[in-house]
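In case you want the letters, here they are:
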Amino acid sequence: MGFPKPWPTEWPDPPDYPELPMPPTRPDAPATPPDYEPDDDPGEIQPLPEFRQPFYAVTWAVNHACNLKCTHCYDVVPYSRHDLPTDKALTLIDRLAEAGVTFIAFSGGEAFLRKDLYILMEHCQTHHMRFGARSNGTRITPSTAKRLRELDIAVVGISFDGATPATHDAVRGSGAFAEAVAGLRALRAEGIRAQMEVVLSRQNAHEAELFIEVGEKLGASEVNFSTMAPQGRAKHRMTDMLDYPTWLALTTTLRQVSQQASIPVTPNCALIGACVANIEPHITCDGWITPCYLSSQKLFSVLDTPPHHIKDWLAASRRQFQNVCGREAWIKAGVA
Ligand code: SF4
């Protein structure tokens, strides 16, 4: 799932993109699980474009509860968690503002299950912070969308794991596709920037171009492509993960198609592009910072850290968390 940002990311110029036909999906193909230990020496840190260098955006899983049970959910951990109560959540926003954060993407679990979510959004406004949200779309009704417009939300990302009900609901449960579409439509009806966030896997690779057609038909603001990483429940679905040939074919095709599409078609870093670990960190529901939303490795607690240390501590350990999501298994030939 991407990271809803107020700016689209670009497809890097590949060294050479051979004309490869779209591969048939082969769910039964064995895939050996690569080791995902952070590299002792991750090699050269890919330079970030100017506008991505400052530390000012975070994702925050404000709750861990969800009304769906997606087969590859990354937000599943082997220990019990407690969401921050409202007073501590408001203090966390104060600390982030002091640390220089100006954009928060509220996520979850399912963020719209958190009862005080609007209170947190209003509190961001007291610090002139912009905010967005990531959602499975099932809880976004016309009245929710109206409230979000009044709150001047910057962007909402709706997760799509299929461009058809059959493929999407196979991952998210019966009826989830129709509800996600209704949620996206409600947001667009209020003029809110709403993007489709697609997690590519071997189960839906054959629908890659269809996602763009659906996005254009629905009037989505953008289609952002990410990919499945071995986090959470996805660890038990290794055969669904992309391998290098599939990744190369998909990114080749999507980059080409993006140039003709009537809406922005963009990649998330887990799929391709510069790694922003520790530049766009993630905050867990209990207030811990991790390198990014696709890593559950706790670095330090926001509420127990002086705000002026947050940025420096992240910068200091940035190198060791490059590609911590495990993407080398699909973006590098011969790794997996
Ligand atoms: S490790 Fe880097 S490339 Fe992978 S999802 Fe996190 S920020 Fe993106």
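Above: the structure in question.
None of the values given here were measured: they were computed from a predicted structure. (Residues numbered from 1 in each chain as written. Predicted model: local features only at pLDDT ≥ 70, side-chain atom pairs only at ≥ 80, totals over all residues. Heavy atoms only, no water.)

With that settled, the discussion passes to the overall build of the protein chain. Within the protein chain, the regular secondary structure consists of nine helices and 10 strands. The 336 residues of the protein chain split such that 57% are buried. (Helix = DSSP H or I, 4+ residues; strand = E, 2+ residues; numbered from the N terminus. Buried < 20%, exposed > 50% of the residue type's maximum accessible area, 1.4 Å probe, protein only.)

Another point: unusual backbone geometry. Its identity as a non-glycine residue notwithstanding, Asp-152 has a phi of 60°, on the positive side. With respect to the helices and strands, Asp-152 occurs in the loop between helix 3 (142–150) and strand 4 (155–160). Relative accessible area serves as the criterion here: at 47%, Asp-152 is assigned to the partly exposed category. Notably, Asn-278 is not glycine yet its phi reads approximately 70°, a positive angle. Judged by relative accessible area, which is 3%, Asn-278 ranks as buried.

Generally speaking, soluble globular proteins have nonpolar side chains that are buried together. In terms of nonpolar packing, the biggest core is built from 87 residues, with Trp-60, Ile-104, Phe-106, Phe-160 and Phe-225 touching the most fellow members. Top contributing element to this core by residue count: helix 5 (residues 176–189), with six residues. The contacts of Phe-106, once residues within four sequence positions are left out, are Trp-60, Val-62, Ala-111, Leu-117, Leu-120, Met-121, Cys-124, Phe-131, Gly-132, Ala-133 and Arg-134. Ranked by size, the runner-up nonpolar core spans five residues in total, among them Ala-57, Phe-103, Ala-154 and Val-155. (Core = buried A, V, L, I, M, F, W, Y, C linked by side-chain atoms within 4.5 Å. Contact = heavy atoms within 4.5 Å.)

Turning our eyes to something else, we now look at the packing of helix 4 (residues 165–172) against helix 5. Running from N to C, helix 4 and helix 5 cross one another at 105°; their axes reach a closest spacing of 8 Å. As far as their axial angle goes, helix 5 and helix 4 are roughly perpendicular. Touching Pro-165, His-168, Asp-169 and Arg-172 of helix 4 are Ala-176, Phe-177 and Ala-180, all from helix 5. Within the contact of helix 4 with helix 5, the residues separate by chemical class into four nonpolar, one polar and two charged. (Axes fitted to C-alpha atoms, helices over the stretch in contact; angles between N-to-C directions. Parallel < 35°, antiparallel > 145°, perpendicular 65-115°, else oblique. Nonpolar A, V, L, I, M, F, W, Y, C, P; charged D, E, K, R; others polar.)

Let us now look at the packing of aromatic side chains. Taken as a whole and assessed by the stated rule, the structure comprises seven aromatic pairs. Between Phe-160 and Phe-177, the ring centres sit 5.9 Å apart and the planes meet at 80°, which makes this aromatic pair edge-to-face. Residue Phe-160 is found in strand 4, and its partner Phe-177 is found in helix 5; the two are separated by 17 residues along the sequence. In terms of burial, Phe-160 and Phe-177 fall into one category: buried. Residue placement shows Arg-134 over the ring face of Tyr-293; its charged tip is 4.9 Å from the ring centre. The ring of Tyr-118 carries Arg-147 above its face, with NZ or CZ at 5.4 Å from the centroid. (Phe/Tyr/Trp six-rings, centres within 6.5 Å; stacked < 30°, edge-to-face > 60°. Lys NZ or Arg CZ within 6 Å of the ring centre and 35° of its normal.)

Our next topic: the sheet that holds strand 9 (residues 288–290). As summarised here, the arrangement of the 10 strands in space is 7-6-5-4-3-2-1-8-9-10, forming an open sheet in which the pairing is mixed. Each of the sheet's edge strands pairs with one partner strand only, and the pair in question is strand 7 (265–267) and strand 10 (300–301). Relative to strand 4, strand 3 (residues 130–135) runs parallel, the two being bridged by four bridges. Each residue of the ladder has a partner; that of Ala-133, found in strand 4, is Val-156. (Pairing = 2+ DSSP bridges.)

Attention now moves to the side chain of Arg-202. Structurally, Arg-202 can be placed in the loop between strand 5 (194–200) and helix 6 (208–218). A distance of 3.3 Å separates a polar side-chain atom of Arg-202 from the backbone oxygen of Thr-239. Within the structure, Arg-202 has its side chain in polar contact with the backbone oxygen of Met-241 (distance 2.6 Å). (Polar contact = N/O pair within 3.5 Å; in protein donor to acceptor, adjacent residues only side chain to side chain.)

Let us now look at the pattern of salt bridges. Scanning the model with the defined rule gives 14 salt bridges in all. Measuring nitrogen to oxygen at the nearest pair gives 3.1 Å for the salt bridge that ties Asp-75 to Arg-81. Just as Asp-75 is buried, Arg-81 falls in that class too. (Salt bridge = Lys/Arg side-chain N within 4 Å of Asp/Glu carboxyl O.)

It is worth spelling out helix 7 (residues 244–258) at this point. Here helix 7 spans 21 Å end to end across 15 residues, near enough to the 21 Å set by a 1.5 Å rise per residue. When you tally the buried positions in helix 7, you get 12 out of 15 residues, the bulk of the element. Every buried residue of helix 7 is accounted for by Thr-246, Trp-247, Leu-248, Ala-249, Leu-250, Thr-251, Thr-252, Thr-253, Leu-254, Arg-255, Val-257 and Ser-258. (Expected span 1.5 Å × (residues − 1).)

Here helix 1 (residues 86–98) is 13 residues long and its end C-alpha atoms lie 19 Å apart, about the 18 Å a rise of 1.5 Å per residue gives. Residues of helix 1 that are buried include every one of Ala-89, Leu-92, Ile-93 and Leu-96, and no others. Summarising the axial view, the buried residues of helix 1 lie within an arc of 100°, below the 170-degree limit, and thus occupy one face. Across from the buried face of helix 1, at angles greater than 90 degrees, the exposed residues are Asp-87 and Glu-98. Contacts from the buried residues of helix 1 go to strand 1 (57–61), strand 2 (103–107), helix 2 (117–126) and strand 8 (282–283). (Arc of directions from axis to C-beta.)

Our focus in this paragraph is the packing of helix 6 against helix 7. Contact geometry for helix 6 and helix 7: axes closest at 10 Å, N-to-C directions at 30°. Between helix 6 and helix 7, the interaxial angle falls into the category roughly parallel. As helix 6 runs across helix 7, the sense of the crossing is right-handed. Here Ala-208, Glu-209 and Ile-212 of helix 6 come into contact with helix 7, specifically with Leu-250, Thr-253, Leu-254 and Val-257. (Left-handed = near helix turned anticlockwise from the far one by under 90°.)

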